[in-house]
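The lines below spell out each chain.
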Amino acid sequence: MNGAFVISLDFELNWGTFDGTTIEAYGDNLLGVRQVVPSLLDLFAAHQIHATWATVGFLFYETKQSY
């Protein structure tokens, strides 16, 4: 029997924290995503690791009025 190791990442940015912290307190972590995600993709590619990603669709809108 073959096993599988699955990595599933949620890409929520502030959606995952807005009810528990402020932008001022958590903002550096949110900005850090722009460095971490490309690094993770490079790491996964180098080691042939497959991963699933969940992204909040609302992140693709520039403003709340856009939808």
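Quantities reported herein were computed from a predicted structural model and do not represent experimental measurements.

Enquirer: What am I meant to see in the overall build of the chain here?
Expert: Each helix and strand in the chain was counted, giving 1 helix and 2 strands. Listing each helix as α and each strand as β along the chain from the N terminus yields β-α-β. By the compact-globule yardstick of 11 Å for 67 residues, the chain is too spread out, its C-alpha radius of gyration being 15 Å. Along the longest, intermediate and shortest principal axes, the C-alpha atoms of the chain span 50 × 25 × 20 Å. When the 67 residues of the chain are sorted by exposure, 10% land in the buried category. In the chain, of all internal contacts separated by at least 6 residues, the share reaching a separation of at least 24 is 61%. As presented, the chain carries roughly 5900 Å² of accessible surface, and 56% of it is formed by carbon and sulfur atoms.

Enquirer: Looking at this structure, I do not really get the pairing of strand S1 (residues 7-11). What am I missing?
Expert: Consecutive residues of a regular strand have side chains that alternate between opposite faces of the sheet. Where S1 and strand S2 (residues 51-55) come together, 5 bridges link them in parallel fashion. Across the sheet, residue Asp10 finds its bridge partner in S2, namely Ala54. Handedness of the crossover joining S1 and S2 through helix H1 (residues 23-46) is recorded here as right-handed.

Conventions adopted
- Each chain carries its own residue numbering, running from 1 in the written order of its sequence.
- With pLDDT at 70 or above as the cut-off, local features in this predicted model cover only qualifying residues; side-chain atom pairs require 80 or more to be listed or tallied, and sums for whole chains, interfaces and linings still use all residues.
- Based on all heavy atoms of the structure, the side-chain values leave hydrogens and waters out of the count.
- Only runs of H or I of at least four residues qualify as helices and only runs of E of at least two qualify as strands under DSSP, and these elements are numbered from the N terminus.
- For the radius of gyration, the atoms used are the C-alpha atoms, and the globule rule reads 2.2 Å times the number of residues raised to 0.38.
- In this scheme, a residue with accessible area under 20% of its type's maximum is buried, one over 50% is exposed, and one in between is partly exposed, where area comes from a 1.4 Å probe on protein chains only.
- Residues count as neighbours in contact if any of their non-hydrogen atoms are within 4.5 Å of one another.
- Each accessible area is a Shrake-Rupley estimate made with a 1.4 Å probe; only the visible protein chains count as cover when residues are assessed.
- Paired strands are those between which DSSP finds at least two bridges.
- Here, the term right-handed applies to a crossover whose path from the first strand over the helix to the second runs clockwise when the strands point away from the viewer.

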